[in-house]
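# Architecture and fold: a report
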Amino acid sequence: MSSHETRPPEPPWLEESSGVRITGVRTILTAPTGTTLVVVRVDTNQPGLYGLGCATFTQRAKAVATVVDEYLAPQLIGRDPADITDIVSTLHVSGYWRSGPVLNNALSGIDMALWDIKGKVAGLPVWQLLGGRCRTAVPLYTHAAGVDAEEVADEVLEWIEAGYKHVRCQVAVPGGSTYGAPAAAGSGDAWDPRAYLRTVRGLFEHLRSEVGSEVELIHDVHERVHPTEAVRLAKDLEQYDLFYLEDPVAPEDLDWLRAIRSQCATPIAIGELFVNPAEYRPVVTERLCDFIRVHISAIGGLTPAWRLANLAETFGVRTAWHGPGDVSPIGHAANLALDLAGPNFGIQEQHLFAEQHREVFPGCPEIRDGHLWPSDAPGLGVDLDEALAAKFPPAAKAEPGRAWRPPRRGDGALQRP
Ligand code: MG
């Protein structure tokens, strides 16, 4: 490989900059609860000054680590970590071909780590660097799921009692598989979209009669129906006043959002599978959704997510960043910074961190009263205990059972997730 392929020319202003230099970049893989998390650490020539970022693409963790350690790290040594925009823009095109979840997650780990360093140098939390807070704490939505509508309703009432105002509701589909809920007793593996559609309509009819009209209800379709079925579901659920309907269509079927918009006013959230501005830009600028909910490491980290949030704000679209268990506490802290600083914040998905996460990641964000609470710690505010992280190594080989398994219809045909 020729030298210009591993190391692009340095920017002309580098010699005049602060003197802080990147001396090392590496990934750390840890699986405190069995799910592999990918963290990038960027070290500098200043004693004690380093940054941490989330690069978690758990299904392809080693591929991300290889991109960071083998391809991106050599380009970063000697750079001033303050030059975030120039560094991530340069890295983005440094393979010529770009985008995709592996490359974007690798970029995200570096991007967030550089923001973490910038905050530590400034002595300010990242949400201060983004313009300061717009709210005291970040309202969360939580998950209720059950084998039938009664069980879901009971769980929603428990969450309301615990201080939550937004609840995502998923239910088992009798006889078949489902997404986001335990399977009903005796159910098979087959995915039956017609049975799913009937069950979900029944679920929300029951919920509104049992839990009232004040609680905000969410449902995740997870792209598992044909587009016309998604249009009809959005129309049928309009009467139940959802906070939003999530991912009604797959990224390949975004044009169908226009049909949903023209036929009903059910709010739409979409985006956790997006990896490219070509996917998310038209959804925002044509106002085809109400909430953009990308997985921020999958689009490249905090920098592109903040730009997307600002774009969305000018089009009246709010944010609802994806916040599942396969985002490290550092990634959740990045979501928290965006949520706190974003005037067009909509809602944040909750993940309840395990005790092991809190120990491995000191400074792990705090959840109280249905809210995520910020700290005043500089940077992203979350550290990594590497010695402890090493006690939770990822499985040596990816276990087949941990691969994402798409559902199959009754005739055996694959159903997109
Ligand atoms: Mg989802």
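Whatever comes next refers back to the structure up there.
An account of the accompanying structure is given in this report.

Glancing now at the coordination of the magnesium ion. The magnesium ion binds to the protein through Asp-220 (OD), Glu-246 (OE) and Glu-272 (OE); the donor distances cover 2.0 to 2.3 Å. In the primary structure, the donors to the magnesium ion are separated according to the pattern D-x25-E-x25-E. Linking Asp-220 in strand β7 (residues 216-220) with Glu-272 in the loop between β9 (268-270) and α10 (277-285), this pair joins segments that are 52 residues apart in sequence. Looking at Glu-272, the relative accessible area reads 12%, which means it is buried.

Moving on, we get to the nonpolar core. Soluble globular proteins: nonpolar side chains tend toward being buried together. Of all hydrophobic cores here, the largest spans 116 residues; its most connected members are Val-156, Phe-204 and Leu-207. Counting the residues that make up this core, at least three belong to each of domain 1 (3-125) and domain 2 (128-377). Contacts of Leu-207, omitting those with residues within four sequence positions, involve Val-152, Ala-153, Val-156, Cys-169, Gly-212 and Leu-217. Judged by nonpolar contacts, the second largest core, of 8 residues, contains Ile-218, Phe-243, Tyr-244 and Ile-347.

Here the focus is empty space enclosed by the protein. Empty space left among the atoms is revealed by rolling a probe the size of a water molecule over them. Under the definition given, this model contains 4 cavities of 30 Å³ or more. Approximately 80 Å³ is the volume attributed to the largest cavity. Contributing elements (two or more residues each) for the lining of the largest cavity: α2 (61-76) and α3 (84-92). Here the element with the most residues in the lining of the largest cavity is α3; it accounts for 3 residues.

Moving on to the packing of aromatic side chains. Within the structure shown, the criterion is met by 7 aromatic pairs. Each ring, one from Tyr-96 and one from Trp-97, has its centre 4.8 Å from the other, and the planes form 65 degrees; the classification is edge-to-face. Like Tyr-96, the residue Trp-97 is exposed in the burial classification. A ring pair is formed by Tyr-141 and Tyr-244, whose centres lie 6.2 Å apart and whose planes are at 90 degrees; its orientation type is edge-to-face. Placement of Tyr-141 in strand β4 (residues 138-146) and of Tyr-244 in strand β8 (residues 244-246) is noted, with a sequence separation of 103 residues between them.

This part is about unusual backbone geometry. Its identity as a non-glycine residue notwithstanding, His-222 has a phi of 55 degrees, on the positive side. For His-222, the position within the fold is in the loop between β7 and α8 (227-237). The backbone phi angle of Arg-287 is positive, close to 50 degrees, even though this residue is not glycine. Among the residues examined, Arg-287 registers a relative accessible area of 46% and is labelled partly exposed.

With that settled, consider the pattern of salt bridges. In total, this model carries 18 salt bridges according to the counting rule given. Close ionic contact of Arg-293 with Glu-246 constitutes a salt bridge, the shortest N to O distance being 3.0 Å. Taken together, the residues span a long stretch of sequence, with Arg-293 in the loop between β10 (291-292) and α11 (302-314) and Glu-246 in strand β8 at a distance of 47 residues. Overall, Arg-293 belongs to the buried group, its relative accessible area being 0%. One salt-bridge network, held together by shared partners, links Arg-26, Arg-41, Asp-43 and Glu-386.

Another point: the sheet that holds strand β1 (residues 22-30). Pairing within the open sheet is antiparallel, and its 3 strands lie in the order β1-β2-β3. Looking at which strands have only one partner, the edges of the open sheet turn out to be β1 and β3 (50-54). Recorded for the sheet is a direction-independent mean angle of 20 degrees between the axes of neighbouring strands. Strand direction decides the pairing type here: β1 and strand β2 (residues 37-44), joined by 8 bridges, are antiparallel. Among the inter-strand pairings, Val-25 is bridged to a residue of β2, identified as Val-42. Where α2 meets the sheet, its contacts fall on β1 and β2, and the angle it forms with β1 comes to roughly 175 degrees. Lying on the sheet, helix α4 (residues 101-122) is in contact with β1, β2 and β3; it crosses β3 at an angle near 140 degrees.

Of all 9 residues making up β4, 7 are buried, and the element is well covered by its neighbours. Looking at chain direction, β4 and strand β14 (residues 371-373) are connected through 2 bridges and run antiparallel. In the strand pairing of β14, Val-138 is matched with Leu-372. Where β4 lies against strand β12 (residues 348-349), 2 bridges are found, and the strand directions are parallel. Considered in β12, the bridge of Tyr-141 is made with Glu-349. One ladder, built from 6 bridges, connects β4 with strand β5 (residues 166-171); its direction is parallel. Paired with Gly-146 across the strands is Val-171, a residue of β5.

We now examine the packing of α4 against α11. Between α4 and α11, whose axes approach to 8 Å, the crossing angle comes to 85 degrees. Taken together, α4 and α11 sit at an angle that is classed as roughly perpendicular. Contact residues: Asp-111, Met-112 and Trp-115 in α4; Leu-302, Thr-303 and Pro-304 in α11. Classifying every residue of the contact of α4 with α11 by side-chain character gives 4 nonpolar, 1 polar and 1 charged.

So, on to the pairing of β7. Along β7, 4 of the 5 residues are buried, which leaves the element largely enclosed by surrounding structure. Across 3 bridges, the pairing between β5 and β7 is parallel. What sits directly across from His-166, in β7, is Glu-216. One ladder, built from 3 bridges, connects β7 with β8; its direction is parallel. Across the sheet, the residue bridging to His-219 is Leu-245, located in β8.

The rules behind these values
Residues numbered from 1 in each chain as written. Predicted model: local features only at pLDDT ≥ 70, side-chain atom pairs only at ≥ 80, totals over all residues. Heavy atoms only, no water. Donors = N, O, S within 2.8 Å, 3.2 Å for Na, K, Ca; no water. Helix = DSSP H or I, 4+ residues; strand = E, 2+ residues; numbered from the N terminus. Buried < 20%, exposed > 50% of the residue type's maximum accessible area, 1.4 Å probe, protein only. Core = buried A, V, L, I, M, F, W, Y, C linked by side-chain atoms within 4.5 Å. Domains from an automatic or database assignment. Contact = heavy atoms within 4.5 Å. 1 Å grid on protein atoms, 1.4 Å probe; cavity = no way out; pocket = protein on both sides within 12 Å on 5 of 7 lines; lining within 4 Å. Points joined across faces, edges and corners; volume = space filled by probe spheres on them. Phe/Tyr/Trp six-rings, centres within 6.5 Å; stacked < 30°, edge-to-face > 60°. Salt bridge = Lys/Arg side-chain N within 4 Å of Asp/Glu carboxyl O. Pairing = 2+ DSSP bridges. Axes fitted to C-alpha atoms, helices over the stretch in contact; angles between N-to-C directions. Parallel < 35°, antiparallel > 145°, perpendicular 65-115°, else oblique. Nonpolar A, V, L, I, M, F, W, Y, C, P; charged D, E, K, R; others polar.

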